[in-house]
Amino acid sequence: SQQGEEDPQALSIQEGENATMNCSYKTSINNLQWYRQNSGRGLVHLILIRSNEREKHSGRLRVTLDTSKKSSSLLITASRAADTASYFCATGYGKNNAGNMLTFGGGTRLMVKP
Amino acid sequence: DVKVTQSSRYLVKRTGEKVFLECVQDMDHENMFWYRQDPGLGLRLIYFSYDVKMKEKGDIPEGYSVSREKKERFSLILESASTNQTSMYLCASSLSWPLNQPQHFGDGTRLSIL
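Everything numeric here is computed off the predicted structure, so don't read it as measured data.

(A) Region of the structure containing unusual backbone geometry. For the peptide bond that leads from A:D7 to A:P8, omega is 0 degrees, which places it in the cis range. Along the chain, A:P8 turns up in the loop between β1 (5–7) and β2 (10–14). Residue B:P98 is reached from B:W97 by a cis peptide bond, and omega for that bond is 0 degrees. Here B:P98 is to be found in the loop between β9 (87–94) and β10 (104–105). With a phi close to 50 degrees, A:K70 is a non-glycine residue in the positive phi region. Its location among the elements puts A:K70 in the loop between β7 (61–66) and β8 (71–76). The backbone of B:D28 shows a phi angle near 60 degrees, a positive value even though the residue is not glycine. Inspection of the secondary structure assignment puts B:D28 in the loop between β3 (19–25) and β4 (31–38).

(B) Inspection of the pairing of β8(A) at higher detail. Residues and elements named next belong to chain A. β8 sits mainly inside the fold: 5 of its 6 residues count as buried. Two strands pair when backbone bridges link them, and strand β3 (residues 19–24) and β8 are joined in this way by 6 bridges, in the antiparallel orientation. The residue bridging N22 from the neighbouring strand is S73, located in β8. Across 6 bridges, the pairing between β7 and β8 is antiparallel. Following the sheet pairing, V63 is matched in β8 by L74. Once β7 ends, the chain turns through 4 residues before running back antiparallel as β8, passing K70 with a positive phi of about 50 degrees.

(C) A look at the interface of chain B and chain A. Counting residues at the interface gives 29 residues for chain B, matched by 24 residues for chain A. At the surface where chain B touches chain A, the tally comes to 1 salt bridge. The partner of A:R41 in a salt bridge is B:D107, with the nearest N and O atoms 2.8 Å apart. Counting every contact that joins chain B to chain A gives 12 residue pairs in polar contact (both at pLDDT 80 or more). Contributing elements (two or more residues each) for the side of chain B that touches chain A: β4, β5 (42–51) and β9 of chain B. At 5 residues, the largest contribution of residues to the side of chain B that touches chain A is made by β5(B). Considered class by class, the residues forming the side of chain B that touches chain A number 15 nonpolar, 10 polar and 4 charged.

(D) Focus on the environment of B:K70. Examined against the element boundaries, B:K70 turns out to sit in strand β7 (residues 64–70). Spatially, the C-alpha atom of B:K70 lies 7.8 Å from that of B:K53, the residues being 17 residues apart in sequence.

(E) Structural context of the side chain of A:R36. Residues and elements named next belong to chain A. Tracing the sequence through the fold places R36 in strand β4 (residues 31–37). Classification of R36 by relative accessible area gives buried; the value is 17%. Only 3.4 Å separates the side chain of R36 from the side chain of Y87, close enough to count as a polar contact. Setting aside chain neighbours within four positions, we find R36 in contact with G42, L43, V44, L46, A82, D83, T84, A85, S86 and Y87.

About the cut-offs
Residues numbered from 1 in each chain as written. Chains lettered and ligands numbered in written order. Predicted model: local features only at pLDDT ≥ 70, side-chain atom pairs only at ≥ 80, totals over all residues. Heavy atoms only, no water. Helix = DSSP H or I, 4+ residues; strand = E, 2+ residues; numbered from the N terminus. Buried < 20%, exposed > 50% of the residue type's maximum accessible area, 1.4 Å probe, protein only. Pairing = 2+ DSSP bridges. Contact = heavy atoms within 4.5 Å. Salt bridge = Lys/Arg side-chain N within 4 Å of Asp/Glu carboxyl O. Polar contact = N/O pair within 3.5 Å; in protein donor to acceptor, adjacent residues only side chain to side chain. Nonpolar A, V, L, I, M, F, W, Y, C, P; charged D, E, K, R; others polar.

Scope: geometric values only; no functional claims are made or implied.
Right under this line is the structure:
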């Protein structure tokens, strides 16, 4: 079953607005990661936040993590039409041999209208 | 930059055929993964490998097998393709250590079984 659940499933905004996506998860994690997927393509890693971190920034991206609530949010500021894509959260955990495993949520489809 | 290359973007096969999906990474990563992605179900892990000739089942291994004879190459095999294996298949790789590593994805293979 999916560990992370994104909310909303779909989001439509105007260019220049901010987009916020939320992710909730159920079990303890080592880290939480956000990925982006353009239509019909592979996933691209955006940002990783460790379980002992509360907030992280990368360009127009801001990620928060609240381990007490088992939730994270991704904020994209000043959105552009090129930000149109699906965004996935993934919870990271260790496994004996592999070290870095991920469980993915179902994704948020973001549409940014020009 | 890490490059993960999947051999085909689109593939059409017939039921009962043996199907091979190939994936190659160029960053000497220990871990390699095969996922399938279906609408509404997100990404589900089929198999992963943490070293040459080492493999472990993921969440949905039934009907699939894998091969990792060389560190850079991870193959997914559909022993006898069925229509319910029509899907988008994504390969990924990552370091196994230290913890808190991203996964790097290929562009995916959209497989149709007729």
